[in-house]
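Residues per chain, in single letters:
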Amino acid sequence: MLETRSRGDIESTIRAGVLEQGTMDLLNEAGLGARMLAEGAVHHGFRTRVSKGKRRRIALTELTGHSITVYAQHEVIKDSGRRAP
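The paragraphs below set out a description of the structure included in this document. These numbers come from a predicted model, not from an experiment.

Calculation criteria
- Residues numbered from 1 in each chain as written.
- Predicted model: local features only at pLDDT ≥ 70, side-chain atom pairs only at ≥ 80, totals over all residues.
- Heavy atoms only, no water.
- Pairing = 2+ DSSP bridges.
- Helix = DSSP H or I, 4+ residues; strand = E, 2+ residues; numbered from the N terminus.
- Core = buried A, V, L, I, M, F, W, Y, C linked by side-chain atoms within 4.5 Å.
- Buried < 20%, exposed > 50% of the residue type's maximum accessible area, 1.4 Å probe, protein only.
- Contact = heavy atoms within 4.5 Å.
- Arc of directions from axis to C-beta.

Remarks on the pairing of strand E4 (residues 55-58)
Relative to E4, strand E3 (residues 46-49) is paired through 4 bridges, and the arrangement is antiparallel. Counterpart to Arg49 in the pairing with E4 is Arg55. Hairpin remark: E3 followed by E4, antiparallel, with 5 residues in the connecting loop; positive phi at Lys52, about 55°.

So this is what it looks like as structure tokens:
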């Protein structure tokens, strides 16, 4: 990754993050997924509002066979600076 700001600035900037299965797999394969697995919030779907306030659940795992993980972007940056075991 290339960035114009210092590592400290990047790691201290709080950013949301949703990781799709492919990204989760890459972090795990690189040996950098331990904290994501321990601290991230796995979601198998989500609810959204459609017309007239009706809610609908999108069942990601049922539809795609994959889930997502909520894990902040700045935490991924911190993990990327660590050496894989």
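Considerations on the nonpolar core
In terms of nonpolar packing, the biggest core is built from 7 residues, these being Leu19, Met24, Leu27, Leu32, Met36, Tyr71 and Val76. If we skip the residues at most four places from it in the chain, Leu27 touches Leu19, Leu32, Gly33, Met36 and Val76.

With respect to helix H2 (residues 21-29)
Inspection of H2 places Gln21, Met24 and Leu27 among the buried residues, and these make up the whole buried set. Relative to the axis of H2, the buried residues are bounded by an arc of 125° and lie together on one face. Counted as exposed and oriented over 90 degrees from the buried face of H2: Leu26 and Glu29. Those residues of H2 that are buried are in contact with strand E1 (18-19), helix H3 (34-39), strand E5 (68-70) and helix H5 (73-80). Once H2 ends, the next one or two residues include Gly31, with phi positive near 80°.

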